[in-house]
Amino acid sequence: MKKLPCKFYARKTIDVARDLLGKSLVHHVDGVKRIAKIVEVEAYLGPHDLAAHSARGLTERTKVMFGPPGHAYVYLIYGMYYCVNVVTEEEGHASAVLIRALEPIKNIDARTQGPGLLCIAMQIDKRLNAHDLLSDDFYIAESSTTEKFTIIKRPRIGVDYAGTWAKKLLRFYIKDNKFVSKK
């Protein structure tokens, strides 16, 4: 499996989001290599995007989003679930792509439909916050097979507070994939 290079992440967030579909998320934990195909994502476009965490400015929590592209932004929601994002664009832009759902490929027995569930299944937690996705233990790679699929665009989930930003078509998923969190 060939890891995605840093230049993959240093592009427009929407392009990165769409291009992450079909790629493999890989996490090595305790000698076990977990692999899953990315089937659903959401783009968060920076501080001007009222649904993005970076809209609240630079904080201890969001400083990873303001950092260089190709790093993981991992945070806790509802006091119990972790979510994993990929930092995109140039340093200081504060944009990222949330990974919403995965299709299990290897060594995954738990559900992966939803950002919290996929983190449980892949053993992703706060220790991976700011982790370089060019590392050998947690990264995204080209898929071993080339697959043609149709990408569906929909509004993001759970961001009603963001006004007009809540209606923007910034959620992308693989059409007819049974592991997508919500159709």
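Anyway, here's the lowdown on the structure attached to this text. (Residues numbered from 1 in each chain as written. Predicted model: local features only at pLDDT ≥ 70, side-chain atom pairs only at ≥ 80, totals over all residues. Heavy atoms only, no water.)

Moving on, we get to helix α2 (residues 13-20). If you check which residues of α2 are buried, you get T13, V16, A17 and L20. With its buried residues spanning 100 degrees around the axis, α2 presents them on a single face. Close packing links the buried residues of α2 with α1 (6-9), β2 (32-44), β4 (81-88), β5 (95-106), β6 (138-141) and β8 (171-174). Immediately downstream of α2, the backbone of G22 shows phi near 90 degrees, a positive value. (Buried < 20%, exposed > 50% of the residue type's maximum accessible area, 1.4 Å probe, protein only. Helix = DSSP H or I, 4+ residues; strand = E, 2+ residues; numbered from the N terminus. Arc of directions from axis to C-beta. Contact = heavy atoms within 4.5 Å.)

Another point: the environment of A17. Tracing the chain through its elements places A17 in helix α2. Between the C-alpha atom of A17 and that of R171, which follows or precedes it by 154 residues, the distance is 8.5 Å. Not counting residues within four places of it along the chain, the set of residues in contact with A17 comprises V41, A43, V97 and F172.

This part is about the pairing of β6. Looking along a regular strand, one sees side chains alternate from face to face of the sheet. Every second residue of β6 is oriented toward a common face, with F138 and I140 on one face and Y139 and A141 on the other, all of them buried. As paired strands, strand β1 (residues 24-29) and β6 are joined by four bridges and run antiparallel to one another. Bridge pairing in β6 places V26 opposite Y139. (Pairing = 2+ DSSP bridges.)

The next subject is helix α3 (residues 115-122). Taken across its eight residues, α3 has six buried, putting it largely inside the fold. Against β1, β2, β4 and β5 lie the buried residues of α3. A positive backbone phi angle near 55 degrees is found at Q123, which sits one or two residues after α3.

Looking now at the pattern of salt bridges. Under the definition given, this model contains eleven salt bridges. One salt bridge in this structure joins R171 and E40, with 2.7 Å as the shortest N-O distance. With R171 in strand β8 and E40 in strand β2, the pair connects residues that are 131 residues apart, well separated along the chain. R156 is the salt-bridge partner of D49, the closest N and O atoms lying 2.7 Å from each other. Note that D49 is positioned in the loop between β2 and β3 (72-77) and R156 in the loop between β7 (151-154) and β8, a separation of 107 residues in sequence. Note on R156: relative accessible area 5%, which makes it buried. Among the charged side chains, a salt-bridge network with shared partners connects E40, E42, R100 and R171. (Salt bridge = Lys/Arg side-chain N within 4 Å of Asp/Glu carboxyl O.)

Moving on: the environment of H131. Counting through the fold element by element, H131 comes out in the loop between α3 and β6. We classify H131 as buried; its relative accessible area is 18%. Expressed as a C-alpha distance, the spacing of H131 and V86, which sit 45 residues apart in the sequence, is 9.9 Å. Every residue in contact with H131, bar those within four places of it in the chain, is listed here: G70, H71, A72, D137 and F138. A polar contact of 2.8 Å, which involves the side chain of H131, links it to the side chain of S135. (Polar contact = N/O pair within 3.5 Å; in protein donor to acceptor, adjacent residues only side chain to side chain.)

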